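Structure assessment
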Amino acid sequence: MSEEDYYLELCERPVQFEKANPVNCVFFDEANKQVFAVRSGGATGVVVKGPDDRNPISFRMDDKGEVKCIKFSLENKILAVQRTSKTVDFCNFIPDNSQLEYTQECKTKNANILGFCWTSSTEIVFITDQGIEFYQVLPEKRTLKLLKSHNINVNWYMYCPESAVILLSTTVLENVLQPFYFRAGTMSKLPKFEIELPAAPKSTKLSLSERDIAMATIYGQLYVLFLRHHSRTSNSTGAEVVLYHLPREGACKKMHILKLNRTGKFALNVVDNLVVVHHQDTETSVIFDIKLRGEFDGTVTFHHPVLPARSIQPYQIPMAGPAAVTSQSPVPCKLYSSSWIVFQPDIIISASQGYLWNLQVKLEPIVKLLPDKGRLMDFLLQRKECKMVILSVCSQMLSEADRATLPVIATVFDKLNHEYKKYLDAEQSYTAAAEAGQSRSNPLLKRLVRTQAVLDQSDVYTHVLSPFVEKKEMPHKFVIAVLMEYIRSLNQFQIAVQHYLHELVIKTLVQHNLFYTLHQFLQYHVLSDSKPLACLLLSLESFYPPAHQLSLDMLKRLSTANDEIVEVLLSKHQVLAALRFIRGIGGHDNISARKFLDAAKQTEDNMLFYTIFRFFEQRNQRLRGSPNFTPGEHCEEHVAFFKQVFGDQALMRPTTF
Amino acid sequence: MAAATAGAGAGAWAAQEKQFPPALLSFFIYNPRFGPREGEEENKILFYHPNEVEKNEKIRNVGLCEAIVQFTRTFSPSKPAKSLHTQKNRQFFNEPEENFWMVMVVRNPIIEKQSKDGKPIVEYQEEELLDKVYSSVLQQCYSMYKLFNGTFLKAMEDGGVKLLKERLEKFFHRYLQTLHLQSCDLLDIFGGISFFPLDKMTYLKIQSFINRMEESLNIVKYTAFLYNDQLIWSGLEQDDMRILYKYLTTSLFPRHIEPELAGRDSPIRAEMPGNLQHYGRFLTGPLNLNDPEAKCRFPKIFVNTDDTYEELHLIVYKAMSAAVCFMIDASIQLTLDFCRRLDSIVGPQLTVLASDICEQFNINKRMSGSEKEPQFKFIYFNHMNLAEKSTIHMRKTPSVSLTSVHPDLMKILGDINSDFTRVDEDEEIIVKAMSDYWVVGKKSDQRELYVILNQKNANLIEVNEEVKKLCATQFNNIFFLD
């Protein structure tokens, strides 16, 4: 299998840490995505590495017993360490604050602390087997203040830092889940819900395992993912992932079922809004996209893997350190190892090897694996880094070798423009609201985000259509059909077509002498009126005489191009027509007499010159009470010419009052 | 068929008068090079109608035309005589290909009066016929022949005079019967194309449809699309489309109108292939696709005869009011399988498209408001795109084109047109006609507009204002000088 076939990969630059061993304990904090390597209980050093910061934090702390859990608050302000089942120790990492440790014991008597989660830089939640306690840490006073608590029997808990929701497992079967939501010093209890466990013989008592639950944000919504090893209803034996939507308000609802069609050991990740399901037995993974069309049975939507199962791309562990000899080749990393631990959303940790990777989706290989272009577009348009891939898909479908049929091309364009139109609409309402001064007062007004899925006309023109038109080997019929299809699609979504697209159409038609086709397009106003287009048409007149008429019509419709119309007519020596036109629109008092007289003289038609001259004499009379031209009009030479041809007496006499 | 009612366009009959419209007296085609020597004159004649005419008279008539053309050439070498006026008839000459002459002789309209002693007096109306109208009709005869047979020269190359004579005989024998000389008018001069008004989006949909069809049927060379007998798209060049359009709208479509008007249960419709998925059917080619014996023979047409000289099959396929012409290289053998494939691909999509167009058309019509019967009627023609619009003419029928105005007014229109032809510049002519009628002709660049107004006691200024208003409402999106 070549590299182009793998659509999942481990990030190139993993976070490297000291392997877990009897003296070195490794912890992972899901909130800050930091790995803690704690040697000898901290006495010989703690090294903290995050994914973004390449400079690890290292410090020492006294060995006061086995560390059960260790986490920084957000922004690395305060360190919390749990060493006993009753207490958590704190240590400030804020400059000018005392670094002496201080301790908080859980309030509930006889309770055991299962763990703790930071919800902000100074707020922490203790989860005990009898409930949760929400504290504010006051680092300068080195004390904690209880903000709120709630009593409930807890089997296990789960924290989703992105949405600040803690999920508690309650009841004997462990399958009733109680979510809490934390925000700015408040703790709110959300409606609890029950996970449907698979039907099982009465003798075996099945309970919900923490391992089979995950929480992740997908397309901006929080979901609880439940890995159900045996389908409840259907007789299919495969496992499935059930997605419960957990809204901020309202009850949790079962929404999607991802059919895995296999059994065994699974692990879940969420990458770029895709649910990735790893299968250890086959050492492959599949991906699901809940936005792609699935089978809806009235309550839930069933999804199948978007693509055939593939392994994560093989990964070579570089021989790190200066000791490494150059001749030593990198060692292949064992993928899907049983020592892997998977965290949400996209983290894979190999504690035994000392690596933390982010899982990534590669879009290029998917292009080949998803032959249905419509579905491929639906898929790509939802991905973060999709722009270049989509553009290359578009270019490819127009290439000689992989040429798609027009209906497929139309579908792809429609999907692009659907996204594009959504953005344009959002932009418009945003601008409108901003103009009305609501931007600050209206919190509902979302900030305008332009994702990579927004491919505007300029993108498509530059990267797809312009190079496509340049290709000599393309039959021109196909080229024009594609351009028209794109224009049709834009029109269908009521997007104003940019003139450079029209120019591209005209250029192509002119190159192939398809003037009559061009004429028909203009006749039905397929190519929208604009001054640049009208000028382009004018320039075509020598090849195709009707272009003159088309151009004048267009200038007329624009209604802002009256000067241009006059210029065009004068250049054609249609002086009288120009004058009649300007008079028709009431602009004849402001035109330059010299310009018209020049043009009239050039025609060498004396009668025409006479008519034009007389017209301006009359205008002078009307405006200034005298038929004479003023020196500012620079018409001396024309007056002389008039006298020479028609005689002095032909000049209009001033009417006196 | 040929016995179209006399005086169809001749207005009320005076009590003691009988009117006879213009009629075709003879029509012949000759080439003076084919019988230059005495005694061989008969060889010049390639076609002669009526055929019953005695040989020597044929030779005499051809000789006379030859002489006239030759004689007048002395005065105007570049523009030989186009017509010859006599008391009883008018002769029109046309040389469509070098040395090939077509002559049409039309009898002037006649008024037959009863004299006091009861004897009929025949009066020829020498000034009634318009040269330009009938010259155009003659040119059209050639264009139509060429569309279905190619050039004279090509026939000569293919099979000599014998083949040419056969083709001429075969074609004109039938075609001349369909000439309706009594109802020819200005529109024959224009030979225009009526375009179907359409919004941009629907037009783009049609474009998209045509491109897809050409792609899936991959052998199609050109496509034309019509709706309601009006053109929307032509892949053919303008001149070829012009004559094809004429054929479609005056011959092919009218012939097929009856089965469409017939109800679903009528026996005519029962003969058509029962198809529940769509309304598509072939107007040329096989009638019934389910009949394995069905013949896949399509009319052949010749286009671009000036350069590439292409011979094509003409497939006309129609669903409801939408008709598509697919033109395919004649060297390709068309099979029943192909026809079935075409039917299955085009039929359903064309049906949907036709109803889309219909719907859009009705929306547009409603938006433009309820149109009251305006006080004026007009004919518009644009030489650049051959666009023609007439509110004077009723729907074309295969036999006659009905006009809603008096023939005298039609004649004024023709006269104004002749005036326009004489000069290059834009101009405007206003004519006061009988009984409160005004006729206005305007020419701006390549466009011509003829308006007939009927307003009691109107004066020149008012008429001018009316026409300005008309231009502002009907032609506001084009550059039309006033």
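Residues numbered from 1 in each chain as written. Chains lettered and ligands numbered in written order. Predicted model: local features only at pLDDT ≥ 70, side-chain atom pairs only at ≥ 80, totals over all residues. Heavy atoms only, no water.

So, the overall build of chain B
In terms of regular secondary structure, chain B is built from 11 helices and 21 strands. Among the 482 residues that make up chain B, the fraction classed as buried is 49%. The contacts of chain B with a sequence gap of at least 6 include a subset with a gap of at least 24, amounting to 60%. Counting only carbon and sulfur atoms, one obtains 50% of the accessible surface of chain B, whose full area is about 23,900 Å². (Helix = DSSP H or I, 4+ residues; strand = E, 2+ residues; numbered from the N terminus. Buried < 20%, exposed > 50% of the residue type's maximum accessible area, 1.4 Å probe, protein only. Contact = heavy atoms within 4.5 Å. Areas by Shrake-Rupley, 256 points an atom, 1.4 Å probe, with all protein chains shown as cover.)

Some points on the nonpolar core
Counting 239 residues, the largest nonpolar core has Leu465 of chain A together with Phe172 and Phe225 of chain B as the members making the most contacts within it. Val165, Ile195, Leu246 and Phe302 of chain A belong to the second largest nonpolar core, which has 24 residues in total. (Core = buried A, V, L, I, M, F, W, Y, C linked by side-chain atoms within 4.5 Å.)

Regarding the pairing of strand β12 (residues 123-128) of chain A
All names here are of chain A. Of all the 6 residues making up β12, 6 are buried; the element is thus mostly covered by neighbouring parts of the structure. Of the two faces of β12, the one carrying Glu123, Val125 and Ile127 and the one carrying Ile124, Phe126 and Thr128 are both buried. Here strand β11 (residues 113-118) pairs with β12 via 5 bridges, running antiparallel. When the bridges of β12 are listed, Phe116 appears paired with Phe126. Turn length for the β11-β12 hairpin, with the two strands adjacent in sequence and antiparallel, is 4 residues. In this structure, β12 lies alongside strand β13 (residues 131-138), joined through 6 bridges in antiparallel fashion. Looking at the pairing, Ile127 lines up with Ile132 of β13. Joining the antiparallel neighbours β12 and β13 is a turn of 2 residues. (Pairing = 2+ DSSP bridges.)

Observations regarding the domain arrangement of chain B
All names here are of chain B. According to the domain assignment, chain B consists of domain 1 (18-184), domain 2 (200-263 + 278-368) and domain 3 (376-475). Put simply, the middle of domain 1 and the middle of domain 2, counted by C-alpha atoms, are 34 Å apart. In this assembly, 10 residues from domain 1 lie in contact with 10 residues from domain 2. Here domain 1 meets domain 2 over a buried area of about 1,000 Å², counting both sides, of which 72% is carbon and sulfur. It is Met144, Leu147 and Phe148 that lose the most area in domain 1 upon contact with domain 2, and together they represent 55% of the buried surface on that side. On inspection of domain 1 and its partner domain 2, the count reaches 0 salt bridges. One can count 4 residue pairs in polar contact (both at pLDDT 80 or more) joining domain 1 with domain 2. Across the side of domain 1 that touches domain 2, the residue classes tally to 3 nonpolar, 5 polar and 2 charged. (Domains from an automatic or database assignment. Buried area = accessible area lost by both parts, 1.4 Å probe. Salt bridge = Lys/Arg side-chain N within 4 Å of Asp/Glu carboxyl O. Polar contact = N/O pair within 3.5 Å; in protein donor to acceptor, adjacent residues only side chain to side chain. Nonpolar A, V, L, I, M, F, W, Y, C, P; charged D, E, K, R; others polar.)

Concerning the pairing of strand β7 (residues 110-114) of chain B
Residues and elements named next belong to chain B. Pairing analysis gives 4 bridges linking strand β1 (residues 17-20) to β7, with the strands arranged antiparallel. Across the sheet, residue Lys18 finds its bridge partner in β7, namely Glu112. Sheet topology places β7 next to strand β8 (residues 120-124); 5 bridges connect them, and they run antiparallel. Residue Gln114 lies in a different strand from β8, and its bridge partner there is Pro120. Hairpin connection, β7 to β8: the antiparallel pair is bridged by 5 residues, and Gly118 has positive phi, about 90°.

Some words on the packing of helix α2 (residues 131-149) of chain B against helix α6 (residues 238-255) of chain B
Residue and element names in this part refer to chain B. Between α2 and α6, whose axes approach to 10 Å, the crossing angle comes to 90°. Compared by their axis directions, α2 and α6 come out roughly perpendicular. Along the contact surface, α2 presents Gln140, Ser143, Met144, Leu147 and Phe148, while α6 presents Ile243, Leu244, Lys246 and Tyr247. Of the residues assigned to the contact of α2 with α6, the class counts are 6 nonpolar, 2 polar and 1 charged. (Axes fitted to C-alpha atoms, helices over the stretch in contact; angles between N-to-C directions. Parallel < 35°, antiparallel > 145°, perpendicular 65-115°, else oblique.)

As for the interface of chain B and chain A
On the chain A side, the residues contacting the 38 residues of chain B number 37 residues. Carbon and sulfur atoms supply 54% of the area buried between chain B and chain A, which totals about 3,300 Å² over both sides. Together, Lys200, Glu215 and Phe479 of chain B form the three largest contributors to the area buried by chain B at its contact with chain A, with a combined 20%. Taken together, the connections running from chain B to chain A amount to 3 salt bridges.

Quick word on the environment of Ala458 of chain B
Residues and elements named next belong to chain B. Position of Ala458 among the secondary structure elements: in the loop between β21 (447-454) and α11 (460-474). The class for Ala458 is buried, based on a relative accessible area of 12%. A sequence separation of 25 residues divides Ala458 from Ala433, and the C-alpha atoms of the two residues are 12 Å apart.

Observations concerning a positive patch on the surface
Together, Lys170, Lys295, Arg297 and Lys300 of chain B make up a region of like positive charge exposed at the surface. Positionally, Arg297 of chain B belongs in the loop between β11 (281-282) and β12 (300-303). (Patch = residues over 30% accessible without salt bridge, like charges linked within 9 Å, V, L, I, M, F, W, Y side chains within 5 Å. Lys, Arg positive; Asp, Glu negative; His and termini not counted. Charge placed at Lys NZ, Arg CZ, Asp CG, Glu CD.)

Remarks on helix α4 (residues 406-435) of chain A
Taking 1.5 Å of rise per residue, 30 residues should cover 44 Å, and α4 of chain A covers 42 Å from first to last C-alpha, within 8% of that figure. Phi for Gly437 of chain A, located one or two positions after α4 of chain A, is positive at around 75°. (Expected span 1.5 Å × (residues − 1).)

As for the side chain of Arg107 of chain B
All names here are of chain B. Mapped onto the elements of the fold, Arg107 is located in strand β6 (residues 100-107). Nearest to the buried, unbridged Arg107 among oppositely charged side chains is Glu112, at 9.3 Å. For Arg107, the side chain forms a polar contact with the main-chain oxygen of Pro21, separated by 2.8 Å. Apart from the residues lying within four places of it in its own chain, the contact partners of Arg107 are Phe20, Pro21, Pro22, Ala23, Leu25, Lys88, Asn89, Tyr124 and Leu129.

Some points on unusual backbone geometry
The residue after Gln344 of chain A, namely Pro345 of chain A, is reached through a cis peptide bond having omega -5°. Mapped onto the elements of the fold, Pro345 of chain A is located in the loop between β31 (340-343) and β32 (347-350). The linkage connecting His49 of chain B with the following residue, Pro50 of chain B, adopts the cis geometry, with an omega of -5°. Along the polypeptide, Pro50 of chain B turns up in the loop between β3 (45-49) and α1 (55-73).

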